[in-house]
Amino acid sequence: MTKEGSKNFDDDGRIKRTGSALTASAHIITAVIGSGVLSLAWATAQLGWLAGPVVMLLFSVVTYFTSTLLAPCYRSGDPISGKRNYTYMDAVRSNLGGVKVKLCGIVQYLNIFGVAIGYTIASAISMMAIKRSNCFHKSEGKDPCHMNSNPYMIDFGLVQIIFSQIPDFDQLWWLSILAAVMSFTYSSASLALGIAQVVANGKVKGSLTGISIGAVTETQKIWRSFQALGNIAFAYFYSIILIEIQDTLKSPPSEEKTMKKATLVSVGVTTTFYMLCGCMGYAAFGDMSPGNLLTGFGFYNPYWLLDIANAAIVVHLVGAYQVYCQPLFAFIEKQASTRFPDSDFIAKDIKIPIPGFKPLRLNFFRLIWRTVFVIITTLISMLLPFFNDVVGLLGALGFWPLTVYFPVEMYIEQK
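Participant: Which parts of the structure should I look at to understand the overall build of the chain?
Facilitator: For the chain, the helix and strand inventory stands at 14 helices and four strands. The globule rule puts the C-alpha radius of gyration for 415 residues at 22 Å, and the 22 Å found for the chain is close to it. Across the 415 residues that make up the chain, the buried fraction comes to 54%. In the chain, the proportion of contacts linking residues at least 24 apart, taken out of those at least 6 apart, comes to 80%. Carbon and sulfur atoms make up 69% of the accessible area of the chain, which amounts to about 18600 Å² in all. Positive and negative side-chain charges in the chain, numbering 32 and 25 respectively, have mean positions lying 2 Å apart.

Next comes the structure, spelled out in structure tokens:
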């Protein structure tokens, strides 16, 4: 490569990456501080003051530690000039190979598919919460304000069809920063409401061991405790896209060093918010903590603050959906271009001029396949409107293999 070319291209011949610790942190925070934060008060209520905060801290330590093991797997061999692994699956292929590659792909992409469904459901719940809080305010609590979630899921799906045409992670940085700001907005709102409720109660609610047997059966207590662990796992779950985020970073310094810095900052910030929101929500409502703090109507007033917080959740989920789905989009498009290398339908971009902006690159295969994906996730969401149960299941299925097993195995293999 010419000296001039190396100014514009990276060592793998791709256009120079521009990501930094800031954009990587924004991507991670967008992915991590999802709507899962709002179920943490419920999770803490199942586990109590002893186990709840300890489990949250434990998951954060495990997530940070295994992320620092995963970051060196971005390059095989030399950490500065070794071969790049563009995806989590590529890293598993380079380090472990064999059947583990297929196992990783199945778990990773099924989880991404599940997250897209979970986020569609969560966004509809938040949009309905805005409508309901205004309805409660107008009727002074007399109207039960029942409504159908389907139109809201369709609206979210239509927005995702538009945003899913953003070609790759590198061009998502502005949406991630906006979504990260939104996550702080609604986390802060739920924290403020929790503190206000504790002050109004005049005491801290809750017990050392959580909801007691008697209020629920012994079987329910065990099931709810496992579900709480799943919810907390889901709230920390981002290893699934760590390598893809790392592939957006510029060097020097090495991508590994930048990624470790971004991981420390984002996991630290996330854990602080989780502890505050989970614990204050539990302190405010005790055993009666709702499954979703802002939409389960733990709070009714001030209704304008609830509206702002729920609107922030919706904007955040628009960004989080895209951050999570990009690896799946990229995987399918890479498979299609490998199988049909000469197809203009798959490979050719059409440039559409937009006055005052860069021309829009439209690809027909991307347009059709991503639109179909969004339609399928939206339809499944309309059939599965049980967000809390979905969250626990996703956390349980994905956390161990993708956050613990594969990173540790690859680290051992590299050493």
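Participant: Got a minute to help me understand the packing of helix α5 (residues 99–139) against helix α6 (residues 150–163) in this structure?
Facilitator: For any two helices packed against each other, the geometry is given by the interaxial angle and the distance between the axes. Between α5 and α6, the least distance of the axes is 8 Å, while the angle of their chain directions is 120 degrees. Judged on the interaxial angle alone, α6 and α5 are oblique. Crossing angle aside, the handedness with which α5 passes α6 is right-handed. For the pair α5 and α6, contact is made by Y119, T120, I121, S123, A124, M127, M128 and K131 and by Y152, M153 and F156, respectively. The residue inventory of the contact of α5 with α6, partitioned by class, reads eight nonpolar, two polar and one charged.

Participant: Mind showing me how you'd approach the packing of α6 against helix α11 (residues 303–339) here?
Facilitator: The geometry of α6 relative to α11 is characterised by a closest axis approach of 10 Å and an angle of 45 degrees between their N-to-C directions. One element, α6, and the other, α11, form an angle in the oblique class. Both α6 and α11 take part in a crossing whose hand is right-handed. Contacts between α6 and α11 pair F156, V159, Q160 and F163 from the former with V314, L317, V318, Y321 and Q322 from the latter. In terms of residue class, the contact of α6 with α11 is made up of seven nonpolar, two polar and no charged.

Participant: Even after reading the chapter, I still don't get helix α13 (residues 364–383), so can you show me in this structure?
Facilitator: Every α-helix carries 3.6 residues per turn, so stepping three or four residues along brings you back to the same face. Helix length check: α13, at 20 residues, gives a terminal C-alpha distance of 29 Å against a target of 28 Å (1.5 Å per residue), a fit within 8%. Taken residue by residue, α13 has F365, R366, W369, R370, T371, F373, V374, T377, T378 and S381 as its buried positions. Check the buried side of α13 and you find it contacts α5, α6, α11, α12 (344–347), β3 (349–352) and β4 (360–363).

Participant: Please clarify how the packing of aromatic side chains should be interpreted in this entry.
Facilitator: What describes a pair of aromatic rings is the distance from one ring centre to the other and the angle between the planes of the rings. As enumerated under the stated definition, the model contains 13 aromatic pairs in all. Both rings, one in W49 and one in Y282, keep their centres 4.9 Å apart while their planes meet at 45 degrees; by these two values the pair is tilted. With W49 in helix α3 (residues 40–70) and Y282 in helix α10 (residues 255–285), the pair connects residues that are 233 residues apart, well separated along the chain. Take W49: its relative accessible area is 24%, and that puts it in the partly exposed class.

Participant: Just to check I follow, could you spell out the pattern of salt bridges for this structure?
Facilitator: Where side chains of opposite charge bring their charged atoms close, a pairing between them can arise. Within the structure shown, the criterion is met by eight salt bridges. Close ionic contact of E255 with R84 constitutes a salt bridge, the shortest N to O distance being 3.2 Å. A residue pair is termed long-range when its members are at least 10 positions apart, and E255 in helix α10 and R84 in strand β2 (residues 83–84) qualify at 171 residues. We classify E255 as buried; its relative accessible area is 1%. On the basis of relative accessible area, R84 is assigned to the buried category, the value being 6%. The residue K260 makes a salt bridge to E256 at a minimum N-O spacing of 2.9 Å. With K260 and E256 both in helix α10, this residue pair falls four residues apart, about one helical turn. Residue classification places K260 among the partly exposed residues on the basis of a relative accessible area of 29%.

Participant: Just checking my understanding: could you explain the side chain of S381 for this structure?
Facilitator: Here S381 is to be found in helix α13. Polar contacts involving the side chain of S381 include one to the main-chain carbonyl oxygen of T377, which spans 2.6 Å. Beyond its immediate sequence surroundings of up to four residues, S381 is in contact with I117, T120, I121 and M153.

Participant: Please clarify how the confidence of the model for the chain should be interpreted in this entry.
Facilitator: This prediction gives the chain a mean pLDDT of 82; 91% of its residues lie at or above 70. The least confident element of the chain is helix α1 (residues 3–8), whose mean pLDDT is 56; the most confident is α6, at 92. Counting contacts from residues 1–5, a segment whose pLDDT is below 50, to residues more than four positions away or on other chains yields four contacts.

Participant: I tried to follow the state of the cysteines on my own but got confused; where do I start?
Facilitator: Here a disulfide denotes one covalent bond, and it connects the sulfur atoms of two cysteines. One pass over the full model with this rule turns up zero disulfides. No disulfide involves C104; its sulfur sits 11 Å from the nearest other cysteine sulfur, which is in C73. A residue is classified by how much of its surface remains accessible, and C104, at 0% relative accessible area, is buried. Of all cysteine sulfurs in the structure, the one in C277 sits closest to C279, which takes part in no disulfide; the separation is 9.6 Å.

Participant: Hey, could you run me through the nonpolar core in this one?
Facilitator: The tendency in soluble globular proteins is for nonpolar side chains to be buried as a group. By size, the foremost hydrophobic cluster in this structure holds 100 residues, and its most contacted members are I232, Y274 and F373. A per-element tally of this core places α11 first, with 16 residues. Apart from the residues within four sequence positions on either side, F373 is in contact with F113, A116, Y321, C325, L328 and F329.

Calculation notes
Residues numbered from 1 in each chain as written. Predicted model: local features only at pLDDT ≥ 70, side-chain atom pairs only at ≥ 80, totals over all residues. Heavy atoms only, no water. Helix = DSSP H or I, 4+ residues; strand = E, 2+ residues; numbered from the N terminus. Rg over C-alpha atoms; globule rule 2.2 N^0.38 Å. Buried < 20%, exposed > 50% of the residue type's maximum accessible area, 1.4 Å probe, protein only. Contact = heavy atoms within 4.5 Å. Areas by Shrake-Rupley, 256 points an atom, 1.4 Å probe, with all protein chains shown as cover. Lys, Arg positive; Asp, Glu negative; His and termini not counted. Charge placed at Lys NZ, Arg CZ, Asp CG, Glu CD. Axes fitted to C-alpha atoms, helices over the stretch in contact; angles between N-to-C directions. Parallel < 35°, antiparallel > 145°, perpendicular 65-115°, else oblique. Left-handed = near helix turned anticlockwise from the far one by under 90°. Nonpolar A, V, L, I, M, F, W, Y, C, P; charged D, E, K, R; others polar. Expected span 1.5 Å × (residues − 1). Phe/Tyr/Trp six-rings, centres within 6.5 Å; stacked < 30°, edge-to-face > 60°. Salt bridge = Lys/Arg side-chain N within 4 Å of Asp/Glu carboxyl O. Polar contact = N/O pair within 3.5 Å; in protein donor to acceptor, adjacent residues only side chain to side chain. pLDDT = per-residue confidence, 0-100. Disulfide = S-S within 2.5 Å. Core = buried A, V, L, I, M, F, W, Y, C linked by side-chain atoms within 4.5 Å.

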